[in-house]
Amino acid sequence: MASYITISFALLACTLCLMSDTSSAQLTHHFYSKSCPQVFEVVGSVVWAAVAREKRMGASLLRLHFHDSITALKSVVALGGPAWKVKLGRRDSKTASFSAANNGAIPPPTSSLDNLINTFRAVGLSANDMVALSGAHTIGKARCTNFRARVYNESNIDPLFAILRQSNCPLSIGSGDNNLAPLDVITRNHFDNHYYKNLIRHQGLLHSDQQVYSGGSTDSLVEQYSRNPISFNMDFASAIVKMGDIRPLTGANGEIRRNCRVVDS
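Residues numbered from 1 in each chain as written. Predicted model: local features only at pLDDT ≥ 70, side-chain atom pairs only at ≥ 80, totals over all residues. Heavy atoms only, no water.

Caption draft 1: Here's a closer look at the overall build of the protein chain. Scanning the protein chain from N- to C-terminus turns up 13 helices and 2 strands. Here the protein chain holds 265 residues, and 43% of them are scored as buried. Intrachain contacts of the protein chain at a sequence separation of at least 6 include 70% that bridge at least 24 residues. When the accessible surface of the protein chain is split by element, carbon and sulfur atoms take 56% of a total near 13,800 Å². (Helix = DSSP H or I, 4+ residues; strand = E, 2+ residues; numbered from the N terminus. Buried < 20%, exposed > 50% of the residue type's maximum accessible area, 1.4 Å probe, protein only. Contact = heavy atoms within 4.5 Å. Areas by Shrake-Rupley, 256 points an atom, 1.4 Å probe, with all protein chains shown as cover.)

Right under this line is the structure:
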């Protein structure tokens, strides 16, 4: 209970200090240098405590990058991944739309390589950026509904890996749909380059994962990252900064929510 109270107070303090500086109309590394100079320490302490209790939390927070880039950075670092210079000042939307969130801007797990490349290119990210950012699947888990077809129907998959995943994902739709499996079968709770090693072994959990290494134009980069973790870390950090620059809300646009799940007004 004491640790929960400490984390709650830290989150409250962080929210208040972030709300105190709303004048700038662009992202900057020093957005909170005056209003909340210890923002990285405050957020870091909360994230480290959360990830220490539940490793999967690191993957969940990374996938909230567009909502809280401060938190995404600390989650990756807490699991052994690279650091990068975060641009601050991002604001939340005043509206929410389920249909807008599912309009194809985020490629589904059934995506082909061409679909992945084109979806990323549409927002100014290269094929190389896409391959680097796909490495975020070194942490986190996926539901059976998202990999059932791959482990039962596809041929470019390691047979033993397929059998392993079938054991927790029945063929019948509606049976075990919410069962989870790690995206990285080797180091599920550590941010590293094993995701790419898995792809070379045809142990990508999602169809879209294995498409990145399927005899196409991105194979050579996957092989490079599998051999060179420093190269992967550098390219991932660069790509996630570029991704963070995609149409952010700043200044008077949007709001800083008191509760991330609902708009303030």
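Caption draft 2: Representation of unusual backbone geometry in the model. Even without a glycine there, the phi angle at His202 is positive, about 60°. Structurally, His202 is set in the loop between helix 10 (194-200) and helix 11 (207-211).

Caption draft 3: The environment of Leu27, seen in detail. Locating Leu27 in the fold gives a position in the loop between helix 1 (2-19) and helix 2 (39-53). Along the sequence, Leu27 and Gly244 sit 217 residues apart, while their C-alpha atoms lie 9.6 Å from each other.

Caption draft 4: Here's a closer look at the pattern of salt bridges. The full count for this structure, using the stated rule, is 3 salt bridges. Here Arg148 and Asp177 are joined by a salt bridge, their closest N and O atoms 2.7 Å apart. Within this pair, whereas Arg148 is found in helix 8 (residues 144-153), its partner Asp177 is found in the loop between helix 9 (159-166) and strand 2 (180-182), the two being separated by 29 residues in sequence. Asp177 sits in the buried class, given a relative accessible area of 18%. Between Glu154 and Arg150 there is a salt bridge whose closest N-O contact spans 2.8 Å. What makes Arg150 buried here is its relative accessible area of 2%. (Salt bridge = Lys/Arg side-chain N within 4 Å of Asp/Glu carboxyl O.)

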